[in-house]
Amino acid sequence: MRFNEKELVCLSRQPSEMAAELGMRGPKKGDVVKRRLVKLVVNFLFYFRTDEEEPIGALLLEQCHVEREDSQTFSIAFLDEAERKYLFECDSEEQCKEWMDSIIKASYEFMRKNLIFYRTEIHRLTGKDPLEQYGISDETRFQVNSGSQLMNRDTSSL
């Protein structure tokens, strides 16, 4: 993926949804757990050395799988490289759950599915498409099925 390093650094300085010092182990064999400042900003997970202001890395939280490893540890693996896992150690079981929930909800795909679900529900209840007023109701990315128009249907699987 291409990115602009200056823009990523600027994004890393924005207010975060969550931030904490966590134990982190990278995906390479032989990597050890190191204490890192971890910040969730939009759909990026930035990690920093605890004494530095610029991130040493960032994970784009798209097409990834978040999994609990034990009561205080979770991992992130990307669908195209499932064998490469990033491991995060939290200070408590509650903190681990909060991080996992926040990371799952940070992805574009999660937000898109929620938008489609609520759009369908509003249409079902009111008979009106809430996106029509913005002129974006026909955009493919907001469709329930690839390119199909909004209609009354069961959305429990979304």
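What you are looking at is a predicted structure, and each value in this text was computed from that prediction instead of being measured. (Residues numbered from 1 in each chain as written. Predicted model: local features only at pLDDT ≥ 70, side-chain atom pairs only at ≥ 80, totals over all residues. Heavy atoms only, no water.)

S.K.: Any details on the overall build of the protein chain? Residues and values, ideally.
M.R.: In terms of helices and strands, the protein chain carries 3 helices and 7 strands. Beginning at the N terminus, the succession of helices and strands in the protein chain can be written as α-β-β-β-β-β-β-β-α-α. A separation threshold of at least 6 residues defines the contact pool for the protein chain, and within that pool the share at least 24 residues apart is 43%. (Helix = DSSP H or I, 4+ residues; strand = E, 2+ residues; numbered from the N terminus. Contact = heavy atoms within 4.5 Å.)

S.K.: A description of the pattern of salt bridges should follow, citing residues and the corresponding values.
M.R.: Applying the stated rule across the entire model yields 10 salt bridges. One salt bridge in this structure joins E69 and K85, with 3.1 Å as the shortest N-O distance. In this pair, E69 sits in strand β5 (residues 64–70) while K85 sits in strand β7 (residues 81–89), placing the two residues 16 residues apart along the sequence. Residue classification places E69 among the partly exposed residues on the basis of a relative accessible area of 35%. One salt bridge connects E109 with R112, and the closest N-O pair in it is separated by 3.2 Å. In this pair, E109 and R112 are both assigned in helix α3 (residues 108–126), 3 residues apart and thus about one turn of the helix distant. Sharing partners across several salt bridges, the network here consists of E21, R35 and D91. (Salt bridge = Lys/Arg side-chain N within 4 Å of Asp/Glu carboxyl O. Buried < 20%, exposed > 50% of the residue type's maximum accessible area, 1.4 Å probe, protein only.)

S.K.: Can you break down the packing of aromatic side chains residue by residue, with the values?
M.R.: Counting across every chain of the model gives 4 aromatic pairs. Relative to F46, the ring of F44 lies with its centre 5.7 Å away and its plane at 20 degrees, an arrangement referred to as stacked. (Phe/Tyr/Trp six-rings, centres within 6.5 Å; stacked < 30°, edge-to-face > 60°.)

S.K.: Please set out the side chain of K39 residue by residue, giving values where relevant.
M.R.: Mapping K39 onto the fold places it in strand β2 (residues 34–41). In terms of polar contacts, K39 uses its side chain to reach the backbone carbonyl oxygen of S12, at 2.6 Å. Excluding its chain neighbours within four sequence positions, the residues that come into contact with K39 are S12, R13, Q14, S16, M18, A19, F44, L45, F46 and F48. (Polar contact = N/O pair within 3.5 Å; in protein donor to acceptor, adjacent residues only side chain to side chain.)

S.K.: I'd like a rundown of the layout of surface pockets, residues and numbers included.
M.R.: The space that makes up the largest pocket amounts to roughly 590 Å³. In terms of lining, the largest pocket is formed by 23 residues, of which the most central are F3, L8, A58, L59 and L60. Secondary structure elements with two or more residues in the lining of the largest pocket: α1 (5–12), β3 (44–49), β4 (57–60) and β7. Among the residues forming the lining of the largest pocket, the class breakdown is 15 nonpolar, 2 polar and 6 charged. Its boundaries defined by the atoms lining it, the second largest pocket holds a volume of some 270 Å³. In terms of lining, the second largest pocket is formed by 13 residues, of which the most central are C64, I104, S107, E109 and F110. Elements that contribute at least two residues to the lining of the second largest pocket include exactly β5, α2 (93–106) and α3. For the lining of the second largest pocket, the class distribution of residues is 7 nonpolar, 3 polar and 3 charged. (1 Å grid on protein atoms, 1.4 Å probe; cavity = no way out; pocket = protein on both sides within 12 Å on 5 of 7 lines; lining within 4 Å. Points joined across faces, edges and corners; volume = space filled by probe spheres on them. Nonpolar A, V, L, I, M, F, W, Y, C, P; charged D, E, K, R; others polar.)

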